[in-house]
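Descriptive structure summary
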Amino acid sequence: KAGVTQTPRYLIKTRGQQVTLSCSPISGHRSVSWYQQTPGQGLQFLFEYFSETQRNKGNFPGRFSGRQFSNSRSEMNVSTLELGDSALYLCASSPDPRTGAEYGYTFGSGTRLTVV
Amino acid sequence: TQLLEQSPQFLSIQEGENLTVYCNSSSVFSSLQWYRQEPGEGPVLLVTVVTGGEVKKLKRLTFQFGDARKDSSLHITAAQPGDTGLYLCAGPLLNSGGYQKVTFGTGTKLQVIP
């Protein structure tokens, strides 16, 4: 079956702009988590969605937001981009939150965002 | 504060050598996962350990979960260039809202030189 699909793969934006990233989980998976990965901070949890509801949120400013649709696809949005938002944004898919947390996730290839 | 500390941070070895990567915490985890990530890609799940003292083998990779479920190790025998990548451990912790939140380790960057 198809894996986790993230689009776009690469993105270059200017400071102050906003960006929307998309994630399509594995078919049948209803839980989607988002992570930010930078060389200095490693993998940092952004938020988790299950059945269109945000269940968990990391310690990121309100400029970072997300949503999940009825088909389990998820989007995350970053407004008023800052240079420090440059990172690899990863989407992780699992059948449900507990299975993902206890037994692991399937990750997408990520979206590489560069803010200039 | 990093809840999962990995060591070493970087490792560069010759093909054929053995190595061990450690993942340590002061917290108890109900399970721990190990991932490998190649440059420009997302992490790929290698194994999940769930029982204290458990040992799992995946070809040349041996994973161990500590008896107290606070630490884990990954041992690679006869490393090959294909083992090159970033190794991450991860595990779930309950947050204040009662939800499990997965925390990732600091990572070990492994380079195997042919």
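Read on for an overview of the structure. (Residues numbered from 1 in each chain as written. Chains lettered and ligands numbered in written order. Predicted model: local features only at pLDDT ≥ 70, side-chain atom pairs only at ≥ 80, totals over all residues. Heavy atoms only, no water.)

Observations concerning the sheet that holds strand E7 (residues 61–65) of chain B
Residue and element names in this part refer to chain B.
- Here five strands make up an open sheet; going across it, the order is E1-E3-E8-E7-E6 and the pairing antiparallel. Of all the strands in the sheet, the pair left with one neighbour each is strand E1 (5–7) and strand E6 (55–58). Taken over all neighbouring pairs, the strand axes of this sheet differ in orientation by 15 degrees on average, direction set aside.
- Across four bridges, E6 lies against E7 in antiparallel orientation. Across the sheet, Lys56 pairs through a bridge with Phe63, a residue of E7. (Pairing = 2+ DSSP bridges. Helix = DSSP H or I, 4+ residues; strand = E, 2+ residues; numbered from the N terminus. Axes fitted to C-alpha atoms, helices over the stretch in contact; angles between N-to-C directions.)

A look at the interface of chain A and chain B
- At the junction of the two partners, chain A supplies 22 residues and chain B supplies 22 residues.
- Summed over the three residues of chain A that lose the most area to chain B, namely Leu43(A), Ala101(A) and Glu102(A), the buried surface amounts to 27% of that side.
- With a shortest N-O distance of 3.8 Å, Glu41(B) and Arg9(A) are connected by a salt bridge.
- Where the side of chain A that touches chain B is concerned, the elements lending two or more residues are strand E4 (31–38), strand E5 (42–50), strand E6 (53–57), strand E9 (87–94) and helix H1 (97–103) of chain A.
- Element by element, the count of residues in the side of chain A that touches chain B is highest for H1(A), at five residues. (Contact = heavy atoms within 4.5 Å. Buried area = accessible area lost by both parts, 1.4 Å probe. Salt bridge = Lys/Arg side-chain N within 4 Å of Asp/Glu carboxyl O.)

Some thoughts on the sheet that holds strand E1 (residues 5–7) of chain A
All names here are of chain A.
- Here we have four strands laid out as an open sheet, ordered E1-E3-E8-E7, and antiparallel in their pairing. Bordering the open sheet on either side are E1 and strand E7 (64–68), each of which pairs with just one other strand. Averaged over all adjacent pairs, the angle separating strand axes in this sheet is 15 degrees, with direction ignored.
- Of the strand pairs in this sheet, E7 and strand E8 (residues 74–78) are connected by five bridges, and their pairing is antiparallel. The partner of Phe64 across the bridge, within E8, is Val78.

A look at the state of the cysteines
Residue and element names in this part refer to chain A.
- Applying the stated criterion across every chain, the model contains two disulfides over all chains.
- Here Cys23 engages in a disulfide with Cys91; their sulfurs sit 1.7 Å apart. Across the S-S bond linking Cys23 and Cys91, the dihedral sits near -50 degrees, which makes this disulfide left-handed. With Cys23 in strand E3 (residues 19–24) and Cys91 in strand E9, this residue pair connects regions lying 68 residues apart in the sequence. (Disulfide = S-S within 2.5 Å.)

Considerations on the pairing of strand E11 (residues 111–115) of chain A
All names here are of chain A.
- Taking every second residue as pointing to the same face, the buried face of E11 carries Thr111, Leu113 and Val115, while none of Arg112 and Thr114 on the other face is buried.
- The sheet contact formed by strand E2 (residues 10–13) and E11 spans four bridges and is parallel. Note that in E11 the partner of Ile12 across the bridge is Thr114.
- Across three bridges, the pairing between E9 and E11 is antiparallel. Bridge pairing links Ala87 to Leu113 in E11. (Buried < 20%, exposed > 50% of the residue type's maximum accessible area, 1.4 Å probe, protein only.)

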